[in-house]
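One-letter residues, chain by chain:
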Amino acid sequence: MDAGPISSKKLSGWQIVAFGQLVVPMAVIGLPIAVYIPAFYSGTLGLDLAVVGLILTLARLSDVVTDPIVGRLSDRTHTRWGRRRPWLVVGVAVMMISSVMLFMPPVAVSNIYLFSWIAAIYLGYTLIEIPYGAWGAELSQDYAERNRITGSRNIFALIGLLVAISVPIVAGAMAGDAAANEGAATRGSMAALGLLTVGLLPICLFLILRSVKEPPVSHSSDIAFFKGMRIVMRNGPLRIVLIATMLGALAGSINVGVAIFFFEHVAELGKGSSVLIFALFLAGVVGSPFWVRIGNAIGKHRGIGVAGFSSLAAFSFVPIVIYVVKPAYPELVFPAMLCITLIQGFTMGASPILGQSILADVCDLDMIKSGEQRTAFLFSFLAMVKKIFEAIGVGIALPLLAWSGFNPQVMTNSDTSKLALTAMYCIVPLLLWLISTTVIWQYPITHARQARLRAALDRRIARKEAENTETIVRM
């Protein structure tokens, strides 16, 4: 196994870049799955909207099984290439195949076809996401350096999202005005996204494997699965992260799953919806370095709280724009939504950057309590919970829209269905995000406490290594 840089040292600028850039193709394919696939398979390909929502929910729930398995196996993988790298190679292969099948479907598709390939692409995500997240957490033991690592990853994720929103616009323009007016979820735009992902994945994989080595594995002892789970649930800081993650994932899934429908059928922005999404991610790129510095200055959880409350304050104006501004001054709807979007975009980097860094700190506490270095397992556990609530969100939002009478294929929906759509896009997520942000504000591991945790952990590791050396000498 490669022996990487000592984890207490700073990584070079190129190592930070090479590690973070892997998320670009994952973001390119991730945005369409969350935003465009419901509209593509229900609106363009003609599957029933409620059934599409159920399929996305069931496929997402398959990760409940695969996430902890991949996490536990990744922690126990020992090869000459490392613990995490082989999993990334397999995951990239799975994602390349499933991207082509999901985004370049045949003329006629079935519900089984959608379920099979969306489940396959989720599996590819798991095979990459869990080992990759654990690898990032293990690259440094330093409180601030972890923010730098996750900050790089988030900036590249947002760049990938900018690419994902740009490709449908460019593809539509190249296909002609008629195709461009159909919206982002066309066959041409989806095929372009699929091909781009297939091209980027092997290039980005090569860069990270070539440039970033895995740090040496700390001494640890394997513990039984259920005993390990009991230790996890007694980890107070992890419980806070867990609750905040569940609520945030539920809110985000409901919001994102209906965003395109809201922009087209309630806000009636037309092509302006693509501009808003682009502006959201561009503002996120600009704001990400700011939240790295804020997290270092006032604490990671406080940084998330400041960003969250600021974003919620702006987002709370959406119903006012729709029900007050739009009837009287329809020309002001787009500028108002753009202002709200820019504030949300600037703050959106705080949670993924500082949240992933927080989880790395929680892993230190878990290793002290369990005696086992199981970073991937903890990442997979949190990812599993997040995906369950993301699946629940989609499973709630789309069937409720269908039940309210909303039809994505027509522009003459009833006021009741539009109200339901507004509630799913704004009101319900707003309440859930408010609770989630309030919960994470209570997170107890500060910079000083994390330093004490690392010192205690280093002493334990040194003592174990000394005991092992003494045992070998006696033999």
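Residues numbered from 1 in each chain as written. Predicted model: local features only at pLDDT ≥ 70, side-chain atom pairs only at ≥ 80, totals over all residues. Heavy atoms only, no water.

1. What to know about a nonpolar patch on the surface
Move 1: Nonpolar side chains collect at one region of the surface, where F317, I320, Y323, V324 and L419 lie side by side and expose about 490 Å² of accessible area between them.
Move 2: With 3 residues, helix α15 (residues 318–328) is the single largest residue contributor to the nonpolar patch. (Patch = residues over 30% accessible without salt bridge, like charges linked within 9 Å, V, L, I, M, F, W, Y side chains within 5 Å. Areas by Shrake-Rupley, 256 points an atom, 1.4 Å probe, with all protein chains shown as cover. Salt bridge = Lys/Arg side-chain N within 4 Å of Asp/Glu carboxyl O. Helix = DSSP H or I, 4+ residues; strand = E, 2+ residues; numbered from the N terminus.)

2. Examining helix α9 (residues 187–211)
Move 1: Here α9 contains 25 residues, and its C-alpha end-to-end distance of 37 Å stays within 8% of the 36 Å for a straight helix at 1.5 Å per residue.
Move 2: At L200, α9 shows its strongest bend, of approximately 25 degrees, with the proline P202 following within four residues.
Move 3: Where α9 is concerned, the buried positions are S189, M190, A191, L193, G194, T197, L201, C204, L205, I208 and S211. (Expected span 1.5 Å × (residues − 1). Bend = angle between axes of the 7 residues up to and from the residue. Buried < 20%, exposed > 50% of the residue type's maximum accessible area, 1.4 Å probe, protein only.)

3. Thoughts on the side chain of E138
Move 1: With respect to the helices and strands, E138 occurs in helix α6 (residues 111–138).
Move 2: Take E138: its relative accessible area is 10%, and that puts it in the buried class.
Move 3: A polar contact of 2.9 Å, which involves the side chain of E138, links it to the side chain of R83. (Polar contact = N/O pair within 3.5 Å; in protein donor to acceptor, adjacent residues only side chain to side chain.)

4. Quick notes on unusual backbone geometry
Move 1: With phi around 55 degrees, E268 is a residue other than glycine that occupies positive phi space.
Move 2: Among the secondary structure elements, E268 is positioned in the loop between α12 (259–265) and α13 (272–298).
Move 3: Take E268: its relative accessible area is 46%, and that puts it in the partly exposed class.

5. Considering the packing of aromatic side chains
Move 1: Inspection of the entire model under this criterion finds 13 aromatic pairs.
Move 2: For the ring pair F19 and Y132, a centre distance of 4.7 Å and an interplane angle of 25 degrees mean the geometry is stacked. One end of the pair, F19, is in helix α1 (residues 13–20); the other, Y132, is in helix α6, with 113 residues separating them in the sequence. As far as burial versus exposure is concerned, F19 and Y132 are alike and both buried.
Move 3: Ring geometry for F290 and W291: centres 4.9 Å apart, planes at 80 degrees, overall edge-to-face. (Phe/Tyr/Trp six-rings, centres within 6.5 Å; stacked < 30°, edge-to-face > 60°.)

6. Here's the deal with the environment of L276
Move 1: Topologically, L276 is positioned in helix α13.
Move 2: Distance in space between the C-alpha atoms of L276 and V256 is 13 Å, their sequence separation being 20 residues.
Move 3: Every residue in contact with L276, bar those within four places of it in the chain, is listed here: F263, L269, F334, M337, L338 and T341. (Contact = heavy atoms within 4.5 Å.)

7. Examining the pattern of salt bridges
Move 1: Going through the model one piece at a time under the given rule, you end up with 11 salt bridges.
Move 2: A salt bridge links D361 to R146; the shortest N-O distance between them is 2.8 Å. A residue pair is termed long-range when its members are at least 10 positions apart, and D361 in helix α17 (residues 350–370) and R146 in helix α7 (residues 143–175) qualify at 215 residues. Grouping residues by exposure puts D361 and R146 together as buried.
Move 3: Of the charged contacts in the structure, one is a salt bridge between R146 and D364, with a shortest N-O distance of 2.9 Å. Placement of the pair is R146 in helix α7 and D364 in helix α17, with a sequence separation of 218 residues.
Move 4: By relative accessible area, which is 4% here, R146 ends up buried.

8. What to know about the environment of T437
Move 1: For T437, the location among the structural elements is in helix α19 (residues 415–440).
Move 2: Between the C-alpha atom of T437 and that of I37, which follows or precedes it by 400 residues, the distance is 29 Å.
Move 3: In this structure, T437 is in contact with I304, G305, G308, F309 and L312, ignoring residues within four places of it in sequence.
Move 4: Within the structure, the side chain of T437 is placed 2.9 Å from the backbone oxygen of W433, a separation counted as a polar contact.

9. Things to note about the nonpolar core
Within soluble globular proteins, side chains that are nonpolar generally end up buried alongside one another.
Move 1: Within the largest apolar cluster, 95 residues are counted, with the highest numbers of intra-cluster contacts made by Y41, F262 and Y425.
Move 2: Looking at which element gives the most residues to this core, the answer is helix α2 (residues 23–44), with 14 residues.
Move 3: Leave out the neighbours within four places in its chain, and F262 touches A267, E268, V318, I322, M337, L421, T422 and Y425.
Move 4: Judged by nonpolar contacts, the second largest core, of 32 residues, contains M229, M384, Y443 and I445. (Core = buried A, V, L, I, M, F, W, Y, C linked by side-chain atoms within 4.5 Å.)

10. A few points about the packing of α2 against α9
Move 1: Put simply, α2 and α9 touch, their axes get as near as 9 Å, and they point 160 degrees apart. Considering the angle they form, α2 stands roughly antiparallel to α9. At the point where α2 passes α9, the crossing takes the left-handed sense. Note on element contacts: α9 touches α2 through R187, M190, L193, L196, T197, L200, L201 and C204, opposite V24, P25, V28, I29, P32, Y36 and F40. (Axes fitted to C-alpha atoms, helices over the stretch in contact; angles between N-to-C directions. Parallel < 35°, antiparallel > 145°, perpendicular 65-115°, else oblique. Left-handed = near helix turned anticlockwise from the far one by under 90°.)

11. Describing the packing of helix α4 (residues 63–75) against α6
Move 1: The interhelical angle for the contact between α4 and α6, taken along N-to-C directions, is 35 degrees, at an axis separation of 9 Å. Crossing of α4 against α6: the hand is right-handed. Between α4 and α6, the contacting residues are D63, T66, D67, V70, G71 and S74 on the first element and Y122, L123, T126, L127, I130 and P131 on the second.
Move 2: Each residue belonging to the contact of α4 with α6 can be placed in one class, and the counts come to 6 nonpolar, 4 polar and 2 charged. (Nonpolar A, V, L, I, M, F, W, Y, C, P; charged D, E, K, R; others polar.)

12. Some words on the confidence of the model for the chain
Close inspection of predicted coordinates is inappropriate in any region flagged by low pLDDT.
Move 1: In this model, the chain carries an average pLDDT of 84, and 90% of its residues clear a pLDDT of 70 or more.
Move 2: Here residues 177–182 scores under 50 on pLDDT; set against residues more than four positions off or in separate chains, the count is 5 contacts. (pLDDT = per-residue confidence, 0-100.)

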